[in-house]
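Each chain, letter by letter, is given below.
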Amino acid sequence: MLESRLIAIIRRSKSINQRSLFSCSKDIYSRSSLNSYSTYRNVTDPTVRSCFINGFRSLHNFNKGLYKPSIKYMTTMAASACKENKETVKLLVTAGPHAQKAIGIWLFASAAWVFSMVILGGVTRLTRSGLSMTDWKFTGSLPPLSDEDWLIEFEKYKQSPEFKRVNRGMNIDDFKFIYWMEYGHRMWGRALGVMFAVPFSYFIRKGYINLRLGVRLAGLFALGGGQGLIGWWMVKSGLEEPPSEYSQPRVSPYRLAAHLTSAFAIYCGLFWTALTVVMPEPPTESIAWVKGAAKVKRFALPVGILVGITAVSGAFVAGNDAGHAFNTFPKMGDSWIPEDVLSMKPLIRNFFENTATVQLDHRILATATLASIYGLWWSTRKVDLHPAIRSLIGSTVGIAALQVTLGISTLLSYVPVSLGTAHQAGALTLLTFMLLLNHTLRRPSSMVLKSLPAVAKII
């Protein structure tokens, strides 16, 4: 009787469809095993017990054999899907969500540190503190710790052209202020190098960073190390005697522009890489939104380049102290275009060394930037776009208007430290928004495109 019962169970199991067995074979196996075991405990006849054991083993082997190929099939399919995913979406961090989050936070923090370096550098320049330290060491050194050390540093500064022509009446307390400003700027940069290098080494050792990301970050680190050399190269130009006895000593506008442009490049590289790590795919929910983003990108990229060029032109305004001339708006003095805008020979020098031409260029570029960003917003009003992109474009227009307002206020106020610093920070903020916009407008991977509906579902 028990043998016939086992045979009936096995036949019933064989008649079940293979697909249903995949989902419920474990449940059938466990329930039948429990019932069989309960019956087996009450059997005392050795012959019947032997038949029962053989039947139980047959049922176990049947279920085991049926379940195993199904798991193997699923594993193969998952591996194929992962392989297709990796080939389609080239992730910068492939060590999992935890590594992706950790590296993203580190890169955003590094970018924010560079942002603060740019602001501190602006304050250092506006307070005329950049030429207070007359020597430079790559690893840095301790600041003066005694009155005697301060007197030694002050004597070094007295030999500089800036002290002789501009700060002849400066006392030791005034010197300490400008010295601490420059010292803080230098040490803040060195601290950034340590803050970047230590996590970088840790992530490489843990295997979080692949070759492509490692090469990119190594290049940014090398550029950061070179930034210190560019900074000293810039300062050294201000420690030389001016060509004319009527000229005030100042750093070369070319070297200042190189220093600021390098800082902007490092910031852009870090910020873009951080965005790519945490957001490997742009936000999109339909093919229509992808097509709309492609239309906007054709205009957003040139506008972003224009924002960068305008920021670099601001570096030449700072390098030539052009903000202290023609402190009127919209006219430059009594005219729209000063008479001496092309007075230098060769002609190209006017665009980098002529105070009037440099300021005129910056005014034109700033106006063109504001108009271009407003035109970008106007042209996308009827384009089908992701709400995040539309919001980002509107925010960029607001930042651009604020930046132009800050620039005009700084000019009319004869470049106070507070407004001048805010204007420099505004330039980097506007560039940040343009980077974020262009990054969000990227084309999704082919894998994502295949899964998108034609039109987004509006809830």
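Small disclaimer: the values here were computed from a predicted structure and weren't measured.

What follows deals with the overall build of the protein. Each helix and strand in the protein was counted, giving 15 helices and 0 strands. Evaluated residue by residue, the protein yields a buried proportion of 41% over its 459 residues. Counting only contacts in the protein whose residues sit at least 6 apart along the sequence, the fraction spanning at least 24 positions is 79%. A total of about 25,600 Å² of accessible surface is found on the protein, and carbon and sulfur atoms cover 64% of it.

Take the packing of helix α10 (residues 287-319) against helix α14 (residues 417-440) next. Put simply, α10 and α14 touch, their axes get as near as 10 Å, and they point 160° apart. When the axis of α10 is compared with that of α14, the two are roughly antiparallel. The two elements α10 and α14 meet at a crossing, and its hand is left-handed. On α14, the residues that touch A300, L301, V303, G304, V307 and G308 of α10 are L430, L431, M434, L437 and N438. Taken together, the residues of the contact of α10 with α14 sort by class into 8 nonpolar, 3 polar and no charged.

With respect to the helices and strands, L260 occurs in helix α9 (residues 253-278). The spacing of L260 and G121 is 139 residues in sequence and 8.9 Å in space, taken between C-alpha atoms. Among all residues touching L260, those that are not within four sequence positions of it are V118, A315 and Q424.

Attention now moves to the pattern of salt bridges. The final tally for this structure, using the stated rule, is 8 salt bridges. E155 is the salt-bridge partner of K158, the closest N and O atoms lying 3.4 Å from each other. Here the residue K158 and the residue E155 both occupy positions in helix α5 (residues 147-158), the gap between them amounting to 3 residues, near one helical turn. Look at K158 and you get partly exposed, because its relative accessible area is 27%. The salt bridge partner of R250 is D321, with a shortest N-O separation of 3.8 Å. Here R250 is found in the loop between α8 (211-238) and α9, whereas its partner D321 is found in the loop between α10 and α11 (350-353), with 71 residues between them in sequence.

Throughout the structure, instances matching the rule amount to 27 aromatic pairs. Judged by centre distance (5.7 Å) and plane angle (50°), the rings of F175 and Y179 are tilted. Residue F175 and its partner Y179 are both found in helix α7 (residues 172-206); the two are separated by 4 residues, about one turn of the helix. Ring-pair connections join several aromatic residues into one group, and the members of that group are W150, F154, Y157, F163, F175, Y179, W180 and Y183. The ring of W378 carries R381 above its face, with NZ or CZ at 3.7 Å from the centroid.

Another aspect to go through is a nonpolar patch on the surface. A cluster of nonpolar side chains, L342, L347, I348 and F351, forms an exposed patch at the surface whose accessible area comes to about 370 Å². Along the chain, L342 turns up in the loop between α10 and α11. For L342, a relative accessible area of 46% translates into the label partly exposed.

Mapped onto the elements, H439 comes out in helix α14. Ignoring anything within four residues of it in the chain, the contact list for H439 reads W272, L275, T276, M279 and P282.

What counts and how
- Residues numbered from 1 in each chain as written.
- Predicted model: local features only at pLDDT ≥ 70, side-chain atom pairs only at ≥ 80, totals over all residues.
- Heavy atoms only, no water.
- Helix = DSSP H or I, 4+ residues; strand = E, 2+ residues; numbered from the N terminus.
- Buried < 20%, exposed > 50% of the residue type's maximum accessible area, 1.4 Å probe, protein only.
- Contact = heavy atoms within 4.5 Å.
- Areas by Shrake-Rupley, 256 points an atom, 1.4 Å probe, with all protein chains shown as cover.
- Axes fitted to C-alpha atoms, helices over the stretch in contact; angles between N-to-C directions.
- Parallel < 35°, antiparallel > 145°, perpendicular 65-115°, else oblique.
- Left-handed = near helix turned anticlockwise from the far one by under 90°.
- Nonpolar A, V, L, I, M, F, W, Y, C, P; charged D, E, K, R; others polar.
- Salt bridge = Lys/Arg side-chain N within 4 Å of Asp/Glu carboxyl O.
- Phe/Tyr/Trp six-rings, centres within 6.5 Å; stacked < 30°, edge-to-face > 60°.
- Lys NZ or Arg CZ within 6 Å of the ring centre and 35° of its normal.
- Patch = residues over 30% accessible without salt bridge, like charges linked within 9 Å, V, L, I, M, F, W, Y side chains within 5 Å.

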